[in-house]
Amino acid sequence: MKQLPDDFILGAATAAYQAEGATQEDGKGRVAWDTYLVKEGKYSGDPASDFYHKYPIDLELSEKFGIKGIRVSIAWSRIFPKGYGEVNEAGVQFYHKLIDECHKHHVEPYVTLHHFDTPEFLFDQGDFLNRDTINYFVDFAKFCFKEYGNKVKYWITFNEILSVSAGQYLLGKFPPNERFETGKMVQSMHNMMVAHARTVLAFKELKLNSEIGIIHILEQRYPYRLDNDADKIAAQKDDTMANKFLLDLTFKGNLAADTKRIVNQILQENNDSYIIYDGDIDELSEAAKLIDFLGVNYYQSTFVKEYRGENNINLNGTGEKGTSIYALKGIGEYKFDMDIPRTDWDWLIYPKGLYDMIMRIVKDYPNYKKIYITENGMGYKDNIENDEIDDQPRIDYVKEHLKAICDAIHKGANVKGYFLWSLMDVFSWANGYNKRYGLFYVDFETQQRYPKKSAYWYKKVAETRKVC
């Protein structure tokens, strides 16, 4: 039996676009997803989980089931419909009410400023490839700090910069649906990190009694064949692009020599490049000294084999196990035939990867202050029978990852909390409503909530701090 520390936060996570619904309500501006989902004709961001109207119910459930922290995000276009200029007062007041309701139910809000939802007006002008967007984002962040700063203790600049940039320009699963544009992906990642840095510096100038961090999705990369040098190089390349690039900028403010060499090598093999503008490194370096915490989103790890072919990707967005293909020119190919369990979406269930990633941060970035596991969970095809949902595989998944966190804490890692993705079932960017993660089952027809078996288990862990 493993024991979590008494001050360890057990929470759950949401995101504005995936939970709120009400995409055109009360003056909210459009985001690119609104247009893209209509064009695709498969899913809609409305009503999602109707969190915009149902948040009092969800927070009451949170308190009842022992959840002490909740990740929420502020939809940029609900405050500034165009991304700048005129303020939408209805949006401002909604987040006041949401934050107040969190406190009413003794649930600490951890507030993210960007969770995949740049206002469409700015998105159409290039999103973060356009450097003007950096300034507009910082202005939005400063508005939020001043408006809600006396209520919010924990701020997060960006959620999963890698997922945004890769989804937009490499994988083609996020609007604008471009594929294999490696240079654009890296430029977008760099520019968002500059926006993060400027936001951290602006936040610190306000001298608020609160903390600020950033969330990266971090998945450990391993060579497919441990004794094969080519696989080791492929894993190193993939790890550098997916993990080291962002971690170096977060904690060092610049790329280590090996990181820079490998990133440039990958870009050259794809006939691409990116620009570091004057002053960027100075801002990044200063922010690296001031960041208060790192959020780690972890779902799986990856095993990489050497690959000499052209780009070839098929993302499993249906839950048909065995349909994933991921092979990148100049990097490597992901393999799935190891003796490791995986979900219906071909995500490897590998808790050891979370332990390895935490300990790697402790070793490689000793200036880190603390870590939160800000997302972790299992997508599952939950079935409801007689208002009951038996999701034992999710319990098993979360239990083993909490054990890995306990082991990391025992080895000296300063991990302060865990936020299960997700609080309730939400809209999924690539899967719509057929992939469920929540502690609470949502009937998307009636918006009725039903606690799953995992919710009762999680409550017991919150009460006892024991993971068994």
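For the structure itself, consult the block above.
Residues numbered from 1 in each chain as written. Predicted model: local features only at pLDDT ≥ 70, side-chain atom pairs only at ≥ 80, totals over all residues. Heavy atoms only, no water.

## Describing the overall build of the chain
So, point 1. Secondary structure summary: the chain contains 15 helices and 17 strands in total.
So, point 2. Residue burial in the chain is summarised as follows: out of 468 residues, 61% are buried.
So, point 3. For the chain, the accessible area works out to roughly 18,000 Å², and carbon and sulfur atoms hold 47% of it.
So, point 4. The average position of the 59 basic charges and that of the 69 acidic charges among the side chains of the chain differ by 4 Å. (Helix = DSSP H or I, 4+ residues; strand = E, 2+ residues; numbered from the N terminus. Buried < 20%, exposed > 50% of the residue type's maximum accessible area, 1.4 Å probe, protein only. Areas by Shrake-Rupley, 256 points an atom, 1.4 Å probe, with all protein chains shown as cover. Lys, Arg positive; Asp, Glu negative; His and termini not counted. Charge placed at Lys NZ, Arg CZ, Asp CG, Glu CD.)

## Re the packing of helix H7 (residues 132-148) against helix H9 (residues 182-205)
So, point 1. For the pair H7 and H9, the least separation of the axes is 9 Å and the interaxial angle reads 35 degrees. By crossing handedness, the relation of H7 to H9 is classed as right-handed. Of H9, the residues touching H7 (which contributes Ile-134, Asn-135, Phe-137, Val-138, Ala-141, Lys-142 and Phe-145) are Asn-191, Val-194, Ala-195, Arg-198, Thr-199, Ala-202 and Phe-203.
So, point 2. Here the residues of the contact of H7 with H9 are counted per class, giving nine nonpolar, three polar and two charged. (Axes fitted to C-alpha atoms, helices over the stretch in contact; angles between N-to-C directions. Left-handed = near helix turned anticlockwise from the far one by under 90°. Contact = heavy atoms within 4.5 Å. Nonpolar A, V, L, I, M, F, W, Y, C, P; charged D, E, K, R; others polar.)

## Observations regarding the sheet that holds strand S9 (residues 302-305)
Either a parallel or an antiparallel arrangement is found when strands of a sheet pair, and the pairing is made through backbone hydrogen bonds.
So, point 1. Judged by pairing direction, the sheet is mixed, and its five strands sit side by side in the order S7-S9-S12-S11-S10 without closing on themselves. Both edges of this open sheet fall to strand S7 (221-223) and strand S10 (312-314), since each of them pairs with a single strand only. Across the sheet, the mean angle from the axis of one strand to that of its neighbour is 35 degrees, orientation sign disregarded.
So, point 2. Sheet topology places S10 next to strand S11 (residues 325-328); three bridges connect them, and they run antiparallel. Counted as the bridge partner of Ile-313 is Tyr-326 from S11. (Pairing = 2+ DSSP bridges.)

## So, the pairing of strand S16 (residues 448-451)
So, point 1. Across four bridges, strand S15 (residues 440-443) lies against S16 in antiparallel orientation. Counterpart to Phe-440 in the pairing with S16 is Pro-451.
So, point 2. In this structure, the hairpin formed by S15 and S16 is closed by a connection of four residues, where Gln-447 is found at a positive phi of approximately 65 degrees.

## Focus: the environment of Val-87
So, point 1. For Val-87, the location among the structural elements is in the loop between helix H4 (76-79) and helix H5 (89-104).
So, point 2. Distance from Val-87 to Ser-77, taken between C-alpha atoms, is 9.4 Å for residues ten residues apart in sequence.
So, point 3. Each residue touching Val-87, except ones within four places of it in the same chain, is listed here: Ile-79, Phe-80, Val-92 and Phe-143.

## Considering the packing of H5 against H7
So, point 1. Packing of H5 against H7 leaves a shortest axis separation of 11 Å and a crossing angle of 50 degrees. On the basis of their axis angle, the class for H5 and H7 is oblique. Read as a crossing pair, H5 and H7 show a hand that is right-handed. Here Gly-91, Val-92, Tyr-95, His-96 and Ile-99 of H5 lie close against H7, whose contacting residues are Phe-143, Glu-147 and Tyr-148.
So, point 2. Residue composition of the contact of H5 with H7, grouped by class: five nonpolar, two polar and one charged. (Parallel < 35°, antiparallel > 145°, perpendicular 65-115°, else oblique.)

## Observations regarding unusual backbone geometry
So, point 1. Residues Asp-46 and Pro-47 are joined by a peptide bond in cis, for which omega reads 0 degrees.
So, point 2. Cis geometry marks the peptide bond from Trp-421 to Ser-422, where omega comes out at 10 degrees.
So, point 3. Tracing the backbone through its elements, the reader meets Ser-422 in the loop between strand S14 (415-421) and S15.
So, point 4. Phi at Phe-116 is positive, roughly 70 degrees, even though this residue is not glycine.
So, point 5. Accessibility expressed as a relative area gives 9% for Phe-116, which makes it buried.
So, point 6. Its identity is not glycine, yet Gln-447 carries a phi of approximately 65 degrees, on the positive side.
So, point 7. Given a relative accessible area of 10%, Gln-447 falls into the buried group.

## Quick word on the environment of Gly-172
So, point 1. Tracing the backbone shows Gly-172 in the loop between helix H8 (161-169) and H9.
So, point 2. The spacing of Gly-172 and Glu-160 is twelve residues in sequence and 16 Å in space, taken between C-alpha atoms.
So, point 3. The residues touching Gly-172, leaving out its near neighbours within four places in the chain, are Ala-166, Gly-167, Asn-177, Glu-178 and Arg-179.

## Considering the environment of Cys-468
So, point 1. Here Cys-468 lies in the segment after strand S17 (466-467).
So, point 2. Along the primary structure Cys-468 and Thr-118 are separated by 350 residues, whereas in three dimensions their C-alpha atoms are 41 Å apart.
So, point 3. Here Cys-468 is in contact with Met-1, Lys-399 and Trp-457, once residues within four sequence places are set aside.

## Remarks on H8
So, point 1. The element H8 is largely enclosed, with a buried count of nine among its nine residues.
So, point 2. Among all positions of H8, only Ile-161, Leu-162, Ser-163, Val-164, Ser-165, Ala-166, Gly-167, Gln-168 and Tyr-169 are buried.
So, point 3. Contacts made by the buried residues of H8 are with helix H6 (120-123), strand S5 (154-159), H9, strand S6 (211-217) and helix H10 (229-251).

## Here we look at the side chain of His-115
So, point 1. Within the element layout of this structure, His-115 appears in the loop between strand S4 (108-114) and H6.
So, point 2. Exposure remark for His-115: the relative accessible area of 2% places this residue in the buried category.
So, point 3. A polar side-chain atom of His-115 sits 3.1 Å from a polar atom in the side chain of Asn-159.
So, point 4. Beyond its immediate stretch of four places on either side in the chain, His-115 contacts Thr-14, Ala-15, Gln-18, Arg-71, Ser-73, Asn-159, Glu-375, Trp-421 and Trp-429. (Polar contact = N/O pair within 3.5 Å; in protein donor to acceptor, adjacent residues only side chain to side chain.)

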